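# Commentary on secondary and tertiary structure
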Amino acid sequence: MTGGGMAVGSAPAPADNAQPYPLKRFTEVSSMYTAIGYAAQSATAPLAPMTFQRRALRPDDVAIEILYCGVCHSDIHQARNEWGIAVYPLMPGHEIVGRVTAVGAEVSRYRVGDNVGVGCMVDSCQHCDACRADLEQYCLEGPTMTYATPDRIDGSNTMGGYSNSIVVSERFVLRIPAALDLPGAAPILCAGITTYSPLKHYGVKPGDRVGILGMGGLGHMGIKFAKAMGAEVTLFTRSQSKAEEARRQGADHVIVSTDPAQMQAAAEQFDFLLDTIPVQHDLNPYLQTLKFDGVHILVGLIEPVDPALHAANLVMKRRVLAGSLIGGIAETQEVLEFCAEHDIRCDIEMLDIRHINEAYSRMIAGDVKYRFVIDMATLKG
Ligand code: NDP
Ligand code: ZN
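Read on for a plain summary of the structure. In this text the structure is predicted, and so the values were computed from the model without any measurement.

### So, the pairing of strand S17 (residues 371-375)
Burial runs high along S17: 4 of the 5 residues are buried. Taken together, the 3 bridges between strand S3 (residues 61-70) and S17 define a ladder with antiparallel strand orientation. Paired with Tyr-68 across the strands is Asp-375, a residue of S17. In this structure, strand S16 (residues 348-352) lies alongside S17, joined through 5 bridges in parallel fashion. Considered in S17, the bridge of Ile-348 is made with Arg-371. This β-α-β element, S16 to helix H11 (residues 356-364) to S17, shows right-handed connectivity.

Shown next as structure tokens:
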């Protein structure tokens, strides 16, 4: 989040819709691209096909043919304006994988034909303390998100990856390691980095007892990463039916969070909780499962905490409650390599883009194992 109230995987939110940063002028070097994709025209409209223009290549730009794009719960929050910052037409999609089709004159890192990815951000100021520390997601001027954010140079509304192409500065393009299959790599660009980054930042290590809250797209990756870091991993889920699956993902234990007896039995057991629950929920019973000095990290919630947090659950045990937003570009490349090295794969369900609205309903019902990935070949059909 930035000072302006920016939201996950989306736009900075200037209260009056003013440009959040000064626009720069740039000379265009080729003509614009006509693109197609699925967008929402309003908070209540279903996603529908739309033709639009991708910008002409700037000198540092890479043009990418999108082959696959993951479907993140943030896409739903944004398409439906649940965070109050949507800009329409809104074309979601920030787990993008594809192939380079053209490069600008000054591009040095990528060539035509390379397999590449784009995650939640497409630009940042590049000079603030956060950007200089490879934490572009916390850019003090506000990062430019992959969709529904004004482009820093021409002010146009960024359009995400539910599309056949995208044009992005090479600084925000990731290389997909050869060992990863392309559709399975897509969710690493958001679900992966968002769970990897806080586990790493807080130094989760072998023997730590880690709880993952919610097993959806983020949660199932969180289990795999915590396990790969050597932790003893517990899934907290509403659904007893996910117990078996969680063990297959690598969880050592499962706690059904709706059962007060199971929650109480877990009192003061955990070093670290990673909370991916996308709606308001009572944090108090979870905090009580932390040891003293335990850490509870929110990644799913960007609304007021309700019901209220009882501060004694923090104060009496020196527990820490904090949040975390995706990860920087260097760390996103790192997590791609980590997945290749540790043979970590996202569990995906391939999606025909014409069924995207149905997929949103299924995600809200918790009915996806564990990430939809759009096969962009279906956009042509
Ligand atoms: P999913 O819908 O794939 O998974 C969310 C999981 O949370 C569900 O599978 C379910 O797990 C649990 N859950 C859902 N509803 C409830 C509920 N009412 N009460 C308790 N648990 C619930 O979402 P994602 O994994 O894609 O995203 C999770 C959240 O993280 C979203 O809010 C998203 O916007 C946010 N996000 C944050 C990022 C960041 O940088 N901080 C980046 C990307 C996403 P179970 O059935 O096991 O209980
Ligand atoms: Zn996301």
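### Describing the environment of Tyr-360
Mapping Tyr-360 onto the fold places it in helix H11. Residue classification places Tyr-360 among the buried positions, given a relative accessible area of 2%. Remark: the alpha-carbon pair of Tyr-360 and Cys-72, spanning 288 residues in sequence, is separated by 9.3 Å. In this structure, Tyr-360 is in contact with Leu-47, Val-71, Asp-75, Ile-76, Ala-79, Arg-80, Pro-92 and Tyr-162, ignoring residues within four places of it in sequence.

### A closer look at the nonpolar core
Counting 96 residues, the largest nonpolar core has Val-71, Tyr-162, Ile-188, Leu-199, Phe-225 and Ile-356 as its most contacted members. In terms of residue count, the dominant contributor to this core is S3 (6 residues). Of all hydrophobic cores here, the second largest spans 14 residues; its members include Leu-213, Tyr-286, Leu-287 and Leu-298.

### Concerning the coordination of the zinc ion (ligand 2)
Within the protein, Cys-72 (SG), His-94 (NE2) and Cys-190 (SG) serve as the donor atoms for the zinc ion (ligand 2), at 2.0 to 2.2 Å. Cys-72 gets classed as buried once you look at its relative accessible area, which sits at 4%.

### Looking at the packing of helix H4 (residues 191-201) against helix H5 (residues 217-228)
Relative to each other, H4 and H5 sit at 45 degrees, their axes nearing to 8 Å. The angle between the axes of H4 and H5 places the two elements in the oblique class. Handedness of the crossing formed by H4 with H5: right-handed. Residue-level inspection shows Ala-191, Gly-192, Thr-194, Thr-195, Tyr-196 and Leu-199 of H4 in contact with H5, the latter providing Gly-217, Leu-218, Met-221, Gly-222, Phe-225 and Ala-226. By residue class, the composition of the contact of H4 with H5 is 7 nonpolar, 5 polar and no charged.

### Some points on the side chain of Glu-170
Note that Glu-170 resides in the loop between strand S8 (165-169) and strand S9 (174-175). No salt bridge forms around the buried Glu-170; measuring N to O, its nearest opposite-charge neighbour Arg-109 is 4.1 Å away. Sequence-distant contacts of Glu-170, that is, excluding residues within four places in its chain, are made with Asp-60, Val-62, Glu-106, Val-107, Ser-108, Arg-109 and Tyr-110.

### With respect to the packing of aromatic side chains
Per the stated rule, a full pass over the model turns up 6 aromatic pairs. Where Phe-236 meets Tyr-286, the ring centres are 5.6 Å apart and the plane angle is 70 degrees; that geometry is what we call edge-to-face. Residue Phe-236 is found in strand S11 (residues 232-237), and its partner Tyr-286 is found in helix H8 (residues 284-287); the two are separated by 50 residues along the sequence. With relative accessibility at 2%, the residue Phe-236 sits in the buried group. Overall, the relative accessible area of 9% leaves Tyr-286 in the buried class. Members of the aromatic cluster, each reached through a chain of ring pairs, are Tyr-196, Phe-225 and Phe-338.

Conventions and cut-offs
Residues numbered from 1 in each chain as written. Chains lettered and ligands numbered in written order. Predicted model: local features only at pLDDT ≥ 70, side-chain atom pairs only at ≥ 80, totals over all residues. Heavy atoms only, no water. Buried < 20%, exposed > 50% of the residue type's maximum accessible area, 1.4 Å probe, protein only. Helix = DSSP H or I, 4+ residues; strand = E, 2+ residues; numbered from the N terminus. Pairing = 2+ DSSP bridges. Right-handed = clockwise from strand over helix to strand, strands pointing away. Contact = heavy atoms within 4.5 Å. Core = buried A, V, L, I, M, F, W, Y, C linked by side-chain atoms within 4.5 Å. Donors = N, O, S within 2.8 Å, 3.2 Å for Na, K, Ca; no water. Axes fitted to C-alpha atoms, helices over the stretch in contact; angles between N-to-C directions. Parallel < 35°, antiparallel > 145°, perpendicular 65-115°, else oblique. Left-handed = near helix turned anticlockwise from the far one by under 90°. Nonpolar A, V, L, I, M, F, W, Y, C, P; charged D, E, K, R; others polar. Lys, Arg positive; Asp, Glu negative; His and termini not counted. Salt bridge = Lys/Arg side-chain N within 4 Å of Asp/Glu carboxyl O. Phe/Tyr/Trp six-rings, centres within 6.5 Å; stacked < 30°, edge-to-face > 60°.

Structural measurements only, silent on function.
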